[in-house]
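An overview of the molecular structure
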Amino acid sequence: MDFNLNLILGQMVLGLVNGAFYAILSLGLSIIFGLLGVINFAHGVFFMLGAFAAYMLSEVFGIGYWPALILVPLMIGALGVVVEVTLIRSLYKLDHLYGLLLTLGLAFAIEGLIRIVFGPQGLPYSIPDSLRGAINLGFMFLPYYRAWVVIAGIILCLSVWLVIERTPLGAKLRAATDNPQMVQAFGINVPVMLTLTYAAGVALAGIGGVMAAPIMSVDPAMGTNIVIVVFAVVVIGGMGSIFGSILTGLALGLLEGFTKAVFAEASSTVIFVVMVIVLIARPRGLFGKMA
Amino acid sequence: MTLADMKQMTPSHPMAETALHPLGFSRARFILFVVTALAVVIAPFVLYPIFLMKIYCFIIFAVAYNLLLGYTGLMSFGHAAFWGMGAYLTAYSAANWGFGFEAALLTGTVTGAALGLIFGLVAIRRTGLYFAMITLALAQMVYFICLQSPFTGGEDGVQGVPRGSLLGLVDLNNDWNLYWLVGTILLGTIILSNRVVHSPFGQVLRAIRNNPARAKSLGYNVDRYKLCAFVMSAALAGFAGGLKAIIFQIATLTDVSTVASTEAVLITLVGGIGTIFGPAVGSIIVLSLEHYLAPFGPWVMFTQGVVFVFFVLVFRKGLLGEFQSYFKTSL
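Below you will find a few notes about this structure. Here, residues in each chain are numbered from 1, in the same order as that chain's written sequence. A letter from A marks each chain and a number from 1 marks each ligand, given out in the order of writing. Restriction of local features to residues with pLDDT of at least 70 applies here, the model being predicted, together with a cutoff of 80 or more for giving and counting side-chain atom pairs; totals for whole chains, interfaces and linings are based on all residues. Calculation of side-chain values draws on the structure's entire complement of heavy atoms; hydrogens and water are dropped beforehand.

Describing the overall build of chain A
Applied cut-off: Helix and strand labels come from DSSP, where a helix needs a run of H or I of at least four residues and a strand needs a run of E of at least two; each type is numbered from the N terminus. What the globule rule says is 2.2 Å times the number of residues to the power 0.38, and the radius of gyration is computed from C-alpha atoms. Buried residues are those whose accessible area, probed at 1.4 Å on protein chains only, stays under 20% of the maximum for their type, while exposed residues exceed 50% and partly exposed ones sit between those limits. Any two residues whose heavy atoms approach within 4.5 Å at even a single point are treated as in contact. Where accessible areas are quoted, they stem from the Shrake-Rupley method and a 1.4 Å probe; at the residue level, only the protein chains shown are allowed to cover.
Across its full length, chain A holds 11 helices and two strands. Of the regular secondary structure in chain A, the N- to C-terminal order runs α-α-α-α-β-β-α-α-α-α-α-α-α. Since a compact globule built from 291 residues should have a radius of gyration of about 19 Å, the 19 Å found for chain A is in line with a globular shape. Principal axes of the C-alpha set define a box for chain A whose edges measure 60 × 50 × 35 Å. Counting every position in chain A, which comprises 291 residues, the buried fraction comes to 55%. For chain A, long-range pairs separated by at least 24 residues make up 78% of all intrachain contacts whose partners lie at least 6 apart in sequence. Surface exposure of chain A reaches about 11,900 Å², of which carbon and sulfur atoms provide 70%.

What about helix α13 (residues 258-271) of chain B?
Residues and elements named next belong to chain B. To keep it simple, the criterion reads: Expected span of a helix: the number of residues minus one, times 1.5 Å.
Across its 14 residues, α13 extends 20 Å between first and last C-alpha, which sits within 8% of the 20 Å expected from 1.5 Å per residue. Counting buried positions along α13 yields 12 of 14 residues, so the element is predominantly enclosed. A positive backbone phi angle near 130° is found at G272, which sits one or two residues after α13.

Concerning the interface of chain A and chain B
Operational definition: Buried area is understood as the total, over both parts, of accessible area removed when two parts are fitted together, assessed with a 1.4 Å probe. Only one rule defines a salt bridge in this text: a Lys or Arg side-chain nitrogen within 4 Å of an Asp or Glu carboxyl oxygen. Polar contacts here mean pairs of N or O atoms no more than 3.5 Å apart (in protein, one a potential hydrogen donor and the other a potential acceptor; neighbouring residues in sequence count only if both atoms are side-chain atoms).
If you look at the interface, chain A gives 45 residues, while chain B gives 40 residues. In total, about 4,000 Å² of surface goes out of reach between chain A and chain B, with carbon and sulfur atoms giving 82% of it. Its largest share of buried area at the contact with chain B, chain A owes to A:Y98, A:L101 and A:F108, together 17% of the area lost on that side. Linking chain A with chain B are zero salt bridges, by the criterion used here. At the boundary of chain A with chain B, the tally comes to one residue pair in polar contact (both at pLDDT 80 or more).

Considerations on the packing of helix α1 (residues 5-36) of chain A against helix α6 (residues 168-178) of chain A
Residue and element names in this part refer to chain A. Just so we agree on the cut-off: For every element, the axis is a line fit to its C-alpha atoms; helices are fit only across the contacting stretch, and the angle between N-to-C directions ranges from 0 to 180 degrees. An angle below 35 degrees is treated as roughly parallel, one above 145 as roughly antiparallel, one from 65 to 115 as roughly perpendicular, and anything else as oblique. Residue polarity is assigned by list, with Asp, Glu, Lys and Arg as charged and Ala, Val, Leu, Ile, Met, Phe, Trp, Tyr, Cys and Pro as nonpolar; anything else, Gly included, falls into the polar class.
α6 packs onto α1 with a crossing angle of 55° between their chain directions and a minimal axis gap of 7 Å. Classified by the angle between their axes, α1 and α6 sit oblique to one another. Facing α1, whose interface residues are I31, G34 and L35, α6 presents L173, A176 and T177. For the contact of α1 with α6, the per-class residue count stands at four nonpolar, two polar and no charged.

Points about the packing of aromatic side chains
Note the following rule: When the centres of two rings from Phe, Tyr and Trp lie within 6.5 Å, Trp using its six-membered ring, the rings pair. Their planes under 30 degrees apart give stacked, over 60 give edge-to-face, and anything left gives tilted. The rule is short: NZ of Lys or CZ of Arg within 6 Å of the ring centre and within 35 degrees of the ring normal puts a charge over the ring.
Under the defined criterion, the tally for this structure stands at 36 aromatic pairs over all chains. Measuring from ring centre to ring centre gives 5.0 Å for A:Y65 and A:W66, while their planes differ by 85°; the resulting arrangement is edge-to-face. Look at A:W66 and you get partly exposed, because its relative accessible area is 36%. Relative to B:Y225, the ring of B:Y220 lies with its centre 5.8 Å away and its plane at 85°, an arrangement referred to as edge-to-face. Given the relative accessible area of 34%, B:Y220 is considered partly exposed. Its end group placed over the ring of B:Y130, B:R126 keeps NZ or CZ at 3.7 Å from the ring centre. Directly above the aromatic system of A:Y98 lies the positively charged group of B:R316, at a separation of 6.0 Å from the ring centroid.

As for unusual backbone geometry
Although it is not a glycine, B:Q249 sits at a positive phi angle of roughly 60°. Overall, B:Q249 belongs to the partly exposed group, its relative accessible area being 29%.

Some points on the pattern of salt bridges
Residue and element names in this part refer to chain A. Scanning the model with the defined rule gives five salt bridges over all chains in all. Between R115 and E111 there is a salt bridge; the shortest N-O distance is 2.8 Å. One end of the pair, R115, and the other, E111, are both in helix α4 (residues 96-118), four residues apart, so they sit about a helical turn from each other. A relative accessible area of 23% places R115 in the partly exposed class. On the accessibility criterion, E111 (4% relative accessible area) is buried.

Remarks on helix α4 (residues 49-72) of chain B
Residues and elements named next belong to chain B. We count it as follows: Take the seven residues that end at a residue and the seven that start at it, fit an axis to each, and the angle between those axes is the bend at that residue.
Given a rise of 1.5 Å per residue, 24 residues ought to cover 34 Å, and the 33 Å separating the end C-alpha atoms of α4 matches this to within 8%. At N66, α4 shows its strongest bend, of approximately 35°. Taking burial as the measure, the 24 residues of α4 include 23 buried ones, the bulk of the element. Two residues or fewer after α4 comes G73, characterised by a positive phi angle close to 80°.

Quick look at the nonpolar core
As a reminder of what qualifies: Among buried residues, those of type Ala, Val, Leu, Ile, Met, Phe, Trp, Tyr and Cys that are joined through side-chain atoms within 4.5 Å constitute a nonpolar core.
Of all hydrophobic cores here, the largest spans 211 residues; its most connected members are A:M211, B:Y56, B:F77 and B:L243. No other element matches α4(B), which puts 19 residues into this core. With residues up to four places along the chain from it excluded, the contact list for B:L243 reads B:C57, B:I60, B:F101, B:L105, B:V182 and B:I185.

Describing the environment of A:Y145
All names here are of chain A. Tracing the backbone through its elements, the reader meets Y145 in helix α5 (residues 144-166). Sequence separation between Y145 and V235 is 90 residues; the distance between their C-alpha atoms is 30 Å. Not counting residues up to four positions away in its chain, the partners in contact with Y145 are Y65, I127, P128, L131, V210, M211, P214 and I215. Among the polar contacts listed, one links the side chain of Y145 to the side chain of Y65, at a separation of 2.8 Å.

Some points on the packing of helix α9 (residues 222-237) of chain A against helix α7 (residues 128-148) of chain B
Each pair of packed helices can be summarised by the angle the axes make with each other and by the distance between the axes. Here is the rule: Each helix crossing is assigned a hand: it is left-handed if the near helix lies turned anticlockwise from the far helix by less than a right angle, otherwise right-handed if that turn is clockwise.
Put simply, α9(A) and α7(B) touch, their axes get as near as 9 Å, and they point 125° apart. When the axis of α9(A) is compared with that of α7(B), the two are oblique. Where α9(A) crosses over α7(B), the two elements pack in a sense that is left-handed. Residues A:I228, A:F231, A:A232, A:V234 and A:V235 of α9(A) lie in contact with α7(B), whose contacting residues are B:Y130, B:M133, B:I134, B:L136, B:A137 and B:Q140. Here the residues of the contact of α9(A) with α7(B) sort into 10 nonpolar, one polar and no charged.

Next up, the structure:
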């Protein structure tokens, strides 16, 4: 093992980029789970669809990165509405496990479809011109684009957190998470709220996909690969707290980067090891509420 | 209706059933067992024995999975780890340590059980959806370890696994000998699973599935029973994986990947969660689908996804489950 401080710091900054994606995805998963009681196995697939949508917009219509950042979440959100209304809605009265099975099947079907259309190989998506180049941080050259992903990811997560914690809409959402019957009795249309929450959660994954397109290879498996790690992140953070899932996502990205620098072989397993430790020491997760 | 409610539809007095019929089966199940046995005897004259043996291994794998999901109510997404590591260790011990057929298979089974104990100790701390996510994450960890460890042979896998012979008497390199052995093991596994489900131990598991709080208040150590069921299921999954490695003479990364876990889930769902013969029906359907769609590449994945969604929405109880409630019997 070679303890090169510059290398460690550099990898940790890059780890933060992954951490931003973990945070965005686990945030969406938590919100959906909180209100719908469904673990959205298809979350990774929506992330992947976000990247493919950005790719298609650029290839077919010549629409660049910045408009895609607005358009893609709208498209993915609309797809989310369709999925919630036609498929997920019929399962609310059943055991939660059926929601998991349904979204797993959905993930297979969508990923299979993308493979049929685009093939298994990665597709290129270029970094927007305005974010080319890199900044010298002293210990590393940080590409502007990666810096943008970290900052934008954090701002995005924090604004979602603010909406949920500090606005009347968020208050209704939190109330419905707590006691849907009571909220409905107050005249709030809970079914519509469930639909929009699902749409918003997957739209977040869609934005993540657009942001990932220039730095990860745009391929059909990208969603499945990341979603399993995000499940571990969610278990570690516990689902009770929005802020907790943001923080956990970022911290685990950092840790992954650190491990990559000091003991590269373990970098793909470190998050799972942390999960095991957390489960033994604090089964409900770092920020989880008591069951 | 919840998963638990659904299970309560299975007849309530298994002791009365088991006392009357051969091999511990109820009448309906005994008929199905005879049909299965006949199918095992006739099938190799019609279909390719290697393909049939593959189906049988997956049936045993799904029986192991169903023991956990169907009769204990725990949904694992990590069974690929037991199946895959069972396959690796069976293959490795046969290829590199000169283990014979029985010793190699035992090694795979013990590996599954040991790994199951570790997974179980961690995962039963949470229930429901968390349990599913934790087992999935643990299995992914095992996958990454296999990807990097030299003993698995990376992308090549462990190849050239000798099949050896049964008790030093029957040469298993002969596909027919091996077929009759695997067929017998399959029938034995079905008898065994029926026995376990209807044993006092199985009764406690079902009580835990239907109402864990009540089982606890009756004085049962719920976590201990869950762990026990988990280890049993993992051991049987490791055994099935080992058998597959012997038949195909190879163990690969595919066996430890998420795909294998989801296959177990899909087979169980299609056949019928919590039915004795569901895994057999599910394996035949799912593996045939894969086999005949294989030339069309990604269509396999797409079709599997559609089958998943279709069964969750329309045939949630699985094929045998639907039969069961229609004919008011248990299969």
